[in-house]
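# Geometric and topological summary
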Amino acid sequence: MNETRKRYLLAAAFLSGLTGLALLGLYDPARPGIFPPCPLRYFTGLYCPGCGSLRAIHQLLLGNVREAWALNPLTVMFLPFVSYGLVSEGLIHLRGRGLPQVFLPAIWIRALCAVVVLFGIVRNLPFHPFNLLAPGAPLHL
């Protein structure tokens with residue numbers, strides 16, 4: 001793929017991301033409309049590890065950290081790292097080098113995966129304190 005085409009694709013991805021963030025900031029995903037429901041929740045009634053992420057990012061865009069944390073604490077914790085990685089990847093494509101990278105041993109990556117899976121399991125347990133991990137549950141206290 002030639003360099004010009006790569007830059008156009010990167011620009012399109014960047015504009016798509018900005019458009020998505022703008023829509024997410026303007027439209028509340030908790031209301032029916034342009035954002036689809038979580039397929040796992042829709043078909044099984046269970047919360048996936050990502051349930052509440054769109055609503056959490058919406059609240060973060062509005063400056064409501066407490067509400068975002070109540071909707072999905074895992075998203076709030078991981079978002080800075082994911083954002084850093086996306087910016088670094090974009091810079092690699094633009095200028096040939098990204099942001100400084102931190103080496104994570106395989107055991108840490110496996111541990112992060114285990115945390116995500118465990119979070120998905122415990123947030124579906126119907127008793128205290130695990131029921132507080134359901135999206136938005138701490139807001140109703």
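Use the structure listed above.
Here's a quick rundown of the structure.

What counts and what doesn't
- Residues numbered from 1 in each chain as written.
- Predicted model: local features only at pLDDT ≥ 70, side-chain atom pairs only at ≥ 80, totals over all residues.
- Heavy atoms only, no water.
- Helix = DSSP H or I, 4+ residues; strand = E, 2+ residues; numbered from the N terminus.
- Buried < 20%, exposed > 50% of the residue type's maximum accessible area, 1.4 Å probe, protein only.
- Contact = heavy atoms within 4.5 Å.
- Areas by Shrake-Rupley, 256 points an atom, 1.4 Å probe, with all protein chains shown as cover.
- Phe/Tyr/Trp six-rings, centres within 6.5 Å; stacked < 30°, edge-to-face > 60°.
- Patch = residues over 30% accessible without salt bridge, like charges linked within 9 Å, V, L, I, M, F, W, Y side chains within 5 Å.
- Salt bridge = Lys/Arg side-chain N within 4 Å of Asp/Glu carboxyl O.

## Quick word on the overall build of the protein chain
A count of helices and strands for the protein chain gives six helices and zero strands. Going from the N terminus to the C terminus, the protein chain shows its helices and strands as α-α-α-α-α-α. A principal-axis box enclosing the C-alpha atoms of the protein chain has dimensions of 55 × 40 × 30 Å. Counting only residues that meet the buried cut, the protein chain has 21% of its 141 residues in that class. At a minimum sequence separation of 6, the contacts of the protein chain that also span at least 24 residues come to 49%. Accessible area of the protein chain: about 10000 Å², with a carbon and sulfur share of 71%.

## Regarding the packing of aromatic side chains
Here the structure, examined in full by the defined rule, presents two aromatic pairs. Plain terms: the ring middles of Y42 and F43 are 5.1 Å apart, the flat faces sit at 85° to each other, and that makes the pair edge-to-face. Each member of the pair, Y42 as well as F43, carries the same accessibility label: exposed. A ring pair is formed by F127 and F130, whose centres lie 5.7 Å apart and whose planes are at 80°; its orientation type is edge-to-face.

## Quick notes on the environment of V76
The residue V76 is located in helix α5 (residues 73–95) in this model. By relative accessible area, which is 17% here, V76 ends up buried. Beyond its immediate stretch of four places on either side in the chain, V76 contacts L60, A68 and W69.

## Side note on a nonpolar patch on the surface
A cluster of nonpolar side chains, namely V102, L104, I107, W108, I109 and L112, defines an oily patch on the protein surface of about 630 Å² accessible area. Structurally, the position occupied by I109 is in helix α6 (residues 106–122).

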